[in-house]
Each structure stands twice: as structure tokens, then as C-alpha cells.
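Fold and contact review
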Number of protein chains: 2
Amino acid sequence: MISSKIRKQFVAIVGEENVLDSESSLLNYSYDATPGFQARPHCVLAPRNVFEVSEIVKICNANRIPIVPRGSGTNLSASTTPSKGGVVLLFKNMNEIIEIDEANLTMTVQPGVITQRIIEAAEAKGLFYPPDPGSVNISQIGGNISTNAGGLHGLKYGVTRDYVIGLQVVLPNGEIIETGGKLAKDVAGYDLTRLFVGAEGTLGVITGAVLKLIPKPEATKTMLVLFEDLETSAKAVSAIIENRIIPATLEFLDQATVRVVEDFAQIGLPTDAGAVLLIEQDGPKEIVDRDTERMAKICMETGAMDVQVAQTPEEAYELTSARRTALSALSRMKPTTILEDATVPRSKIAEMVGIINEIAKKYELTVCTFGHAGDGNLHPTCLTDARDTEEMERVDAAFKEIFEEAVRLGGTITGEHGVGEMKLPYLSLKAGEAGVEAMRNIKFALDPNAIMNPGKMFTAKQQR
Amino acid sequence: MISSKIRKQFVAIVGEENVLDSESSLLNYSYDATPGFQARPHCVLAPRNVFEVSEIVKICNANRIPIVPRGSGTNLSASTTPSKGGVVLLFKNMNEIIEIDEANLTMTVQPGVITQRIIEAAEAKGLFYPPDPGSVNISQIGGNISTNAGGLHGLKYGVTRDYVIGLQVVLPNGEIIETGGKLAKDVAGYDLTRLFVGAEGTLGVITGAVLKLIPKPEATKTMLVLFEDLETSAKAVSAIIENRIIPATLEFLDQATVRVVEDFAQIGLPTDAGAVLLIEQDGPKEIVDRDTERMAKICMETGAMDVQVAQTPEEAYELTSARRTALSALSRMKPTTILEDATVPRSKIAEMVGIINEIAKKYELTVCTFGHAGDGNLHPTCLTDARDTEEMERVDAAFKEIFEEAVRLGGTITGEHGVGEMKLPYLSLKAGEAGVEAMRNIKFALDPNAIMNPGKMFTAKQQR
């Protein structure tokens, strides 16, 4: 698909050392963190600046060659598998923090910067970049932006979208545009910034971003709360919000997850606990102390078994490890771990977890559920084996039902992972046929040759 | 343009009482709050529900009849003048607050609800809806959403976009879609919610919205700070932010505005003050007290002439009246008041106000500037007379230069008013030709017959 003539053009743009098309390179970039999806690209390119990206896009557009922009490939919905072959774009040569502007509280970055580096660079200036997806230590900001990554701070601080105030984008025709800027307010035309955030690379290539920073909270306090059953923990979540407290983190683990975590990490969780909440508050010290005390009281009054408040940062680290190790603990149980992110209004969490458990029982599957209780963002996680075709059919059927039920409760098929290739059959459940048609019209208005990450978000039929 | 056959169809949908096409109705809806723009619609319709809106849109689409959705017509960029005639849609029959959901902290509203009613309904439940455009007492939420309205809380709390988490929209083809929902996280496809926010009715008709609410701050404190000159006040703004304090309100008035306000309201402002800052902080009482004290100290250290901290709500009201009366005070000076909203990065405010003053001098115009210092959102206000053709030419030339300079400083042509008909010649200054072309492609992908608010945002040529 990539002729030697086109390969020469790519070499002329990025240099031989940035054209990767050895067998091992093509294999390396044939999959991402999503189980069950694999497709080889024809070529992997690592451009060094926006102009090189623009030149590559122009060649691909003229020759109908698919382009898949890729960060660290940590996404869980097969958004970065090169389903239709073509070129995978890497950003290892575009990984600079360009500027931290302390007067305007912004950071200007290239797409290849690791998210954790952004968080640490902000902290070094007494500032805070709140989005912290699970993959924060290895994920790249370009990927975070393309998937509108979430994390543990959604309830109080929002998600990646809320911190991207400007973008540099190479459009599918190769034109370079800049949207937004170091601006708290900008209504000059359509909000292209937020359109590209979460577009999963289907509308263009993100080559730079202006991020909004906020002052770093003075203090943080962490607590772990144990409940006999799920319903009581959900009542505690509601009671906290009804008391007008918005904690910085409000995470949840169900009994199945608690047991697996304790077996793995041995941190002293009572395995008879039906549910565990991990709660953090941040802000001025006196308010953190006050909120923590009030939340502990609310939880006990709602019927919690036990409340453990960390007295030191080390203790806090230990408590949060129950949540942080959840995925690792679950992953070692079975050959294949499928982590989903059906999301419902916060008030429907208990109902939704109950439904998930019933569906798991019906299809004879092991599903553990944890996630962001404050956001209603659940991670039902199926422990299975991709080689067992019969079981995988049951897994697919179960997740389809889970998505349908989430939407029925006013929720969505994906809270933070994206649609990608994995969930494209379900997009119309949430967006409706007319909504998907509107999205498809936007896609083809900007990318008439469908070169940008084809095979994602819309079904093949829908891609025309 | 509206045949009697089509009129009959409209009557069959909304009832005779909701078809307004008397001479006085057509005149009433021929203009909005923007001086110098007027055009008569052919018909004014007040549908009673989303299905009626859908039926009207289908008829208009089939017959290529323009539709201009209109709230209270308070916008300042001629976004709601029916430039191409057609149908003006009113929402006086769709003005209900459907639900306040205290568990999920959301409010579901119809487009015709007055913004102030939303704010008050939230407050009655101990909750807070922060966006507060100047027209909050009469503007409708549908208009606020369509223009992504800003206000005095932008720096700390963001703008309308940040509080719209779900929409019901009638697309130009008459299809009804629902986007988002009562969800803190949702990445199912493109972010249509934020695309419709600020689209000025050019992509569809907003028929409902889910708004995000937050807990009401416990306390508020207000202070007025006087400075000898503009540069010092700008330094104080920077110093506050550099001290990692984000006040709820950080407003600015230049000397010309201070003088006019004092002459009008006689609230004891020293007319030799070169600039005035109005600062408010909200939050837990102890933090509000601490921040207020620190900000007062920072202002004095930076060289403020005087700091007045309100000791009672009545005193706070008096202090804020300096800012609130600015537009009224300016409006009485000359027959025509043109209020603009060029916006720059916060750090460039002093430079931008200096440039505005030079441009005013060059074109021999009276321009007073006030606005949202925390957002870099300036309101250079020209006191003029629309009947004086020669002066109006100088006004146009001056504002063109102001927009060019704002963009040169990394700013935008409009922070919160929108593009409408008034600023469409300037959109490409900010978005670039390629950016405008991308927006236009999106517009025509969703509205191929250009029935939705034609003549806005893009120039006639650009509309194809």
C-alpha cells in the first residue's frame, strides 16, 4: 500500500531514522491496550514538527492512505489500532513542554509529553493539572486529548476537556489551524477546540495544546470507608453530595474487587466488606479537615462498618493502593481482562451495579466492578480468556446488555475510554441514529476521503 | 415569502394565537440589542413543545425558509436579527424548569427560562448556577447557551459552556436528538453538546438543556480598590494570580468609565482614580476572610491608592454598583453605545487598554473601557451617534484595528458576545481562513440548505 515512491517522500520529510517499517515495528504498532483487536500498519512515522505532520497528511490525503495518530497506545477501546492499515504517527520527537505561563496559568505542550510530566511540571510551580487517567505515568497528552481522558478527579475538577483551552491541529487536508488560546473566554465561531477533544483522531492530527492550570490545593486528606453492602455505600455517596460536599476523589470497589485486591496486595481489607469507598478531599487545610470529619460522620450515620482516615501521607498512600492496584490485581486472575466503562447518573450507581451482577450471573461470567462513584463512571471488569470463543460470545452479549441498561438509566456506553473500534456497534444506543448521522456528517465534512483513523467510532456501513 | 398555504400549516401546528405576523410583531422582532442592524422577519412563531419545533423546522427546510431562534434579544453582535427574513422562533411557551435533581446536582430546563430564575431556583436548594451575563435578569437560557454567555464569574467558575452537560436539539432536517445527559463523564462520539453551545442558532434549535449545578458558596466578600493608573491595577491583577488566589470576580473600570459612573451614580468614587478594580471572593467563610485580607495587602503593596472592603451585604451592593451601572451610565452620554468585547490573555490587559486608548485618539472617538480583568475580557465601549455616517465609519475602522491588535496579542475578536452579523467580517482574523473553512464545512454538513440563522457568523461569500 505504501509504494517505494511514497516511502521516499516520507523519508524526505522526516528522515530515514523516523520511518519505521521493519517487521518488528509493524508488529509493535499493530495493537494497543485493548484485548482482541490487532491490525498491522504499513508504515510508522515519527515527525519532528507540525510542518512535517502537515506534509505527511497532504501525501496521505492525496493517496487515500489511512493515518492513525498514536500516543502510548494505552486506550481500552481499540482507538489506536490501524484497522485499515496505513500510517501510524508517533510523537516521540514532539514531546516538549514549550512554556509554563504563570501569569496566565497555562502550559503549552507538544502532543508527545507524558501526562505525569505535565502534572509534575505544574506542581513544581505550585500549580495543578487535575486530569489523571489510570495510565497517567505512560500516557501522552495528545492521546489524553484525543480520548478526552478522565480519571479520579472528574467529580470536582472535570476531565481533560475542561483543561484544554487551545489546540494546534493539522486538518485532513493538511492545513494547520489554531483554536482558542490563552483565553478564559473565546466565542469566535464554533468551538473547534472541544470538537477535536475526544474525536479519537478521526478529524485531524493534534500537534500542540494550551492547557489551563489552577492553583495547587494546599492540603489533601484520604479516607477508606467499609460497608456491609453496596446499597449502603451508594446511600453514603448520595448523602455526601446532599450535604453539599464535593470531594476531590470518590472511588468505589465492589465485594468481588475487594476480595481480589486483598488477595493480591494484602493490605488488611476485610473480605466480608460488601463495598469500599476511597474518599479524598483537597483544598485549604481547615476546609479539608472539616469536610473529612463531616464525611466520616455522614458515612457512619449511613451505616458504614468502619472509617479509616489516613494520618500521614504514607498511610494515605497505603489506603489509595486498594484502588490503585485494582486493575493489576484483577488482571492476574485470568488470561484476559476486559475493562469497561459504562456510566450512569450518580444516583443510579447501586441500581446499575446490581444489574451488572445479574447480567454476569445470567451469562455465567466473572465480573468485578469498581470505578468513579462520584461520576457514576463504573468499570465492570470481566475476567475471561480470549481464546475461549464460546465464552467470548457470552462476554459480548453481556456487555451489550450492560450498555443497553446503562443507557436506559440515563447513562452512556462510555464515560472515559472512548468508542474506538470496540464500541462502535453501540454508539447509536447512546447518540441515536440521528445523532450518529450528525456526527458522520461532521466527520465527512472535514475528512471527505476518510483518511483519519478510519474504522473507528462509526460502523463500516456508517462510514459510507 | 410565507405563502398562505405555509401560514396555514404553521397555524395547524402551533395554533393561530402563536402565529404572530402583524405589522407590530414583525417590527418588534426586526432588531435585537445591537445598534445598527435591523431586518424584518416574515412571521414569528411561538411553538409549545419540541414536536412543534420539529414540524416547523421540517416545513422551513422543505421550503428553504430561514429560521432565527430568539431568546430575549439581548445579544450585542446582531445574532438574532432576521437578516434574511423568514421565521423568528420564540420560546415563551417553552419556559419551564422541568426538574432540579439534588442527587445528581442538575437542573433540566426548557430554552425560554429566564437566567435569573435558574440562579434563584438553584439558590433555593443551596445550589449555584454561576454564569451571570449582564442581561441575566431578562435573558433566556436558550440564548445564553446559543451564545455561550459569560459574565462576572468566568475566571473562577467558567462560562455557560462549562455548565451545559446535556441538550435536546432539533436539527435542520427536523430530527430531534439528545446529547450528553446527567453525566459527569460521557465520551460517546463527538462532543455535540459543546458544538451547539455558542453556535448562535446556526446548527439547529435548542429545545432543552441539562445544566450542571454546584454547591452554593457559604460566604462572599466584596472589595473596591482604587489605583492611580491602569498599569498599577494590571500589576495588582497579576500579583493576585501569582499568589495563587483565584477570586470569584475581578472586574476593572478605566478612568473614563469611573468618571462617567461617578457622574451618573454619585457613589463617591474619586474621579482622579486612573483605574478601579472590583474584587469578590466566595467560598468557606474562613477562606474568604483570609483571601480578602491577602488580596487587600497585595493591592496596597502593588501601589493601590485605597482599598474599601464591604462590611455588610448593603455595602457590598453599593461597591458592586460601580461596576453594575457602568453600561447604563455610559449609555446616557450619547445616542449610540457600541459595547465590544475584544479579549486578550490576562497578562496583556494593560497593554491592550493602552492600545485601545491610542486607537480612540487616532480616530477621535470617545471610548471607555471596563470589563472582566480576570478573564482578559475587555469591553471597550464607544459613545457615538449612529446617525453620524462619517463618525460611524471611524468607529468601524477603530474597532477593526482593536480586533487586529487583540488577535496580535494572542487574544480574540469576541470573548462572550459572539460573532453574529456584526463581527462576521472579522472571524478569519482569529480563526484563520482554514479555520473558518472548517467551521463552514461543519455548518453545511448539518444544514445543507442554510436555513438556520443565515447571514450570521460567516460572510455571504463564505456561506456559498
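Residues numbered from 1 in each chain as written. Chains lettered and ligands numbered in written order. Predicted model: local features only at pLDDT ≥ 70, side-chain atom pairs only at ≥ 80, totals over all residues. Heavy atoms only, no water.

**Re the domain arrangement of chain A**
Selection rule: Bear in mind that the domain bounds are from an automatic or database domain assignment.
Partitioning chain A into structural domains gives domain 1 (4-89), domain 2 (97-215), domain 3 (219-327) and domain 4 (334-408). Measuring from the centre of the C-alpha atoms in domain 1 of chain A to the corresponding centre in domain 4 of chain A gives 33 Å.

**Comments concerning the relation of the copies chain A and chain B**
Spelled out, the test is: Only residues with pLDDT of at least 70 in both copies count here: their C-alpha atoms drive the least-squares fit that superposes the copies. Pairs of residues are marked as contacts when any of their non-hydrogen atoms sit within 4.5 Å.
Relative to chain B, chain A is turned by 180 degrees and slid 0.0 Å along the rotation axis, the superposed coordinates differing by an RMSD of 0.0 Å. Accordingly, the operation relating the two chain copies is best matched by a two-fold axis. Both copies present the same face, since 100% of the interface residues in chain A are matched by interface residues at the equivalent positions in chain B.

**Some points on the nonpolar core**
Counted only if it meets this: In this description, a nonpolar core means a group of buried Ala, Val, Leu, Ile, Met, Phe, Trp, Tyr and Cys residues linked to one another through side-chain atoms lying within 4.5 Å. The cut-offs for exposure are 20% and 50% of the maximum accessible area for each residue type, with area from a 1.4 Å probe on protein chains only; residues under the lower value are buried, those over the upper are exposed, and the others partly exposed.
The biggest cluster of nonpolar side chains holds 195 residues, and the ones touching the most others in it are L277 and L427 of chain A together with L277 and L427 of chain B. Residues contacting L277 of chain A, with those up to four places away along its chain left out, are M223, L224, V225, F227, S233, A236, V237, L250, E251, F252 and A373 of chain A.

**Description of the interface of chain A and chain B**
Selection rule: Note on definitions: buried area is the accessible-area loss of two parts on being combined, 1.4 Å probe, summed for both. Each salt bridge in this description consists of a side-chain nitrogen of Lys or Arg and a carboxyl oxygen of Asp or Glu lying within 4 Å of one another. As used in this structure description, the phrase polar contact means that two N or O atoms lie within 3.5 Å; if the pair is within protein, one of them must be able to donate a hydrogen and the other to accept it, and residues adjacent in sequence are counted only when both atoms belong to side chains. Counting from the N terminus, the helices are the DSSP runs of H or I reaching at least four residues and the strands are the DSSP runs of E reaching at least two. By the convention adopted, Pro, Cys, Tyr, Trp, Phe, Met, Ile, Leu, Val and Ala count as nonpolar, Lys, Arg, Asp and Glu as charged, and the other residues, Gly among them, as polar.
Tallying the contact residues gives 77 residues for chain A and 77 residues for chain B. Buried surface at the junction of chain A and chain B, both sides included, amounts to about 6,300 Å², of which 60% is carbon and sulfur. Inspection of the chain A/chain B interface yields 14 salt bridges. The partner of D375 of chain A in a salt bridge is K185 of chain B, with the nearest N and O atoms 2.9 Å apart. At the surface where chain A touches chain B, the tally comes to 32 residue pairs in polar contact (both at pLDDT 80 or more). Those elements that provide at least two residues to the side of chain A that touches chain B are β9 (176-180), α7 (192-196), α10 (285-302) and α15 (427-446) of chain A. In terms of residue count, α15 of chain A provides more of the side of chain A that touches chain B than any other element does, 11 residues in total. Of the residues in the side of chain A that touches chain B, the class split is 33 nonpolar, 25 polar and 19 charged.

**Topic: the side chain of N377 of chain B**
Summarising the element assignment, N377 of chain B is placed in strand β18 (residues 377-384). Assessed through its relative accessible area of 0%, N377 of chain B is described here as buried. Within the local environment of N377 of chain B, its side chain forms a polar contact with the side chain of K185 of chain A, the two groups lying 3.2 Å apart. Among the polar contacts listed, one links the side chain of N377 of chain B to the side chain of T343 of chain B, at a separation of 2.9 Å. When near neighbours in sequence (up to four residues on either side) are disregarded, N377 of chain B contacts K185 of chain A together with D341, A342, T343, G371, H372, G415 and E416 of chain B.

**Some words on the sheet that holds strand β18 (residues 377-384) of chain A**
All names here are of chain A. The criterion, for reference: Strands are treated as partners if at least two bridges between them are detected by DSSP. Convention adopted: a line fitted to C-alpha atoms gives each axis, helices being fitted over their contacting stretch, and angles between N-to-C directions are expressed from 0 to 180 degrees.
Strand order in the open sheet made by the seven strands is β15-β12-β14-β13-β17-β18-β16, with antiparallel pairing throughout. Here the strands that pair on one side only, and so sit at the sheet edges, are β15 (306-309) and β16 (336-339). Averaged over all pairs of adjacent strands, the angle between strand axes in this sheet comes to 15 degrees, irrespective of strand direction. Relative to β18, strand β17 (residues 366-372) is paired through seven bridges, and the arrangement is antiparallel. Counted as the bridge partner of H372 is N377 from β18. Across the sheet, helix α9 (residues 255-265) touches β13 (249-254), β14 (275-283) and β17, and the angle it forms with β13 is around 85 degrees. Packing against the sheet, α10 makes contact with β12 (219-227), β14 and β15, and its axis sits at approximately 5 degrees to β12.

**Considerations on the pairing of strand β8 (residues 164-170) of chain B**
Along any regular strand the residues' side chains alternate between the sheet's two faces. Residue and element names in this part refer to chain B. Most of β8 sits out of view: seven of its seven residues are buried. Here β8 runs beside strand β10 (residues 205-212); their pairing, made up of six bridges, is antiparallel. From the neighbouring strand, V164 faces β10, where its bridge partner is L211. As paired elements, β8 and strand β9 (residues 176-180) share five bridges and run antiparallel to each other. Note that in β9 the partner of Q168 across the bridge is E178. Once β8 ends, the chain turns through five residues before running back antiparallel as β9, passing G174 with a positive phi of about 95 degrees.

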